[in-house]
Amino acid sequence: MSQTPTGPDADEAPTGAAAAPAFRRVTTAVVTGSSADAPYHVEVKAGTHPLTADEPVRRGGSDSGPEPFALLLASLGSCTAITLRMYAERKGWPLESVRVRLGYETDGRNGRIGRRVALTGALDDDRRARLLDICERTPVTLALRAGVAIDTTEDRA
């Protein structure tokens, strides 16, 4: 059985008649944390962009950055807003702005995300309905709904 490389340093999977479809790297992130000053504060490098993340004070963090679920929601909201802007631009529709409000809730076992989309611009009801329909097919929406395989290996320094 051949191993398919995955993760931030993997290139494409092997090709061949019996090979699974090739994976291609879409984006990368590196997260670094230490327990020196703030126990849950982490530095994130998403592509070439620096970010921070942390836990709120009520969970033992220092609240120096958004918590991980807030970053997940930000990813979904960003993808939604960008995809709608691109779609409207391609169609020549007068979409002036998009605001996406998201919330994550859980019962302890199952989670769900609520997404509310506000569209500004001279859009008729059919165009508004189409844009809300497009929300259901944004790349991050599809990845979250389908579930994403996570392969974990140790990277020894």
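Our subject is the structure listed above.
A few points on the structure. (Residues numbered from 1 in each chain as written. Predicted model: local features only at pLDDT ≥ 70, side-chain atom pairs only at ≥ 80, totals over all residues. Heavy atoms only, no water.)

Notes on the nonpolar core
Moving on, step 1. Judged by nonpolar contacts, the single largest core of 13 residues is most densely connected at Leu84, Trp93, Leu95, Val98, Leu119, Leu123 and Leu131.
Moving on, step 2. Looking at this core, the element that brings in the most residues is helix H1 (residues 68–91), giving 4 residues.
Moving on, step 3. Apart from the residues lying within four places of it in its own chain, the contact partners of Leu84 are Leu95, Val98, Val117, Leu119, Leu131, Ile134 and Cys135. (Core = buried A, V, L, I, M, F, W, Y, C linked by side-chain atoms within 4.5 Å. Buried < 20%, exposed > 50% of the residue type's maximum accessible area, 1.4 Å probe, protein only. Helix = DSSP H or I, 4+ residues; strand = E, 2+ residues; numbered from the N terminus. Contact = heavy atoms within 4.5 Å.)

Some remarks on the pattern of salt bridges
Moving on, step 1. Going through the model one piece at a time under the given rule, you end up with 8 salt bridges.
Moving on, step 2. Connected through shared salt-bridge partners, Glu55, Arg59 and Glu67 make up one network. (Salt bridge = Lys/Arg side-chain N within 4 Å of Asp/Glu carboxyl O.)

Examining the packing of aromatic side chains
Moving on, step 1. Tallying each qualifying case throughout the model produces 2 aromatic pairs.
Moving on, step 2. Taken together, a centroid distance of 5.5 Å and an interplanar angle of 75 degrees make the contact between Tyr87 and Trp93 edge-to-face. Each member of the pair, Tyr87 as well as Trp93, carries the same accessibility label: buried. (Phe/Tyr/Trp six-rings, centres within 6.5 Å; stacked < 30°, edge-to-face > 60°.)

A few points about unusual backbone geometry
Moving on, step 1. With a phi close to 55 degrees, Asp63 is a non-glycine residue in the positive phi region.
Moving on, step 2. For Asp63, the position within the fold is in the loop between strand S3 (49–53) and H1.

Details of the side chain of Asp54
Moving on, step 1. Take Asp54: it is sitting in the loop between S3 and H1.
Moving on, step 2. Here Asp54 occupies a buried position and makes no salt bridge, while the nearest side chain of opposite charge, Arg59, is found at 9.2 Å.
Moving on, step 3. A distance of 2.5 Å separates a polar atom in the side chain of Asp54 from a polar atom in the side chain of Ser62.
Moving on, step 4. Polar side-chain contacts of Asp54 include one of 3.1 Å to the backbone nitrogen of Asp63.
Moving on, step 5. Beyond its immediate chain neighbours, meaning those up to four positions away, Asp54 contacts Tyr40, His41, Gly61, Ser62, Asp63, Ser64, Gly65, Pro66, Glu67 and Pro68. (Lys, Arg positive; Asp, Glu negative; His and termini not counted. Polar contact = N/O pair within 3.5 Å; in protein donor to acceptor, adjacent residues only side chain to side chain.)

Focus on the state of the cysteines
Moving on, step 1. Following the criterion strictly, the structure yields 0 disulfides and no others.
Moving on, step 2. Of all cysteine sulfurs, the one in Cys79 lies closest to Cys135, which takes part in no disulfide; the gap is 9.8 Å.
Moving on, step 3. Residue classification places Cys135 among the buried residues on the basis of a relative accessible area of 2%. (Disulfide = S-S within 2.5 Å.)

A look at a nonpolar patch on the surface
Moving on, step 1. A cluster of nonpolar side chains, namely Phe69, Tyr104, Ile113 and Leu144, defines an oily patch on the protein surface of about 330 Å² accessible area.
Moving on, step 2. Residue placement: Tyr104 occurs in strand S4 (residues 95–106).
Moving on, step 3. Residue Tyr104 is classed as partly exposed on the basis of its relative accessible area, which comes to 33%. (Patch = residues over 30% accessible without salt bridge, like charges linked within 9 Å, V, L, I, M, F, W, Y side chains within 5 Å. Areas by Shrake-Rupley, 256 points an atom, 1.4 Å probe, with all protein chains shown as cover.)

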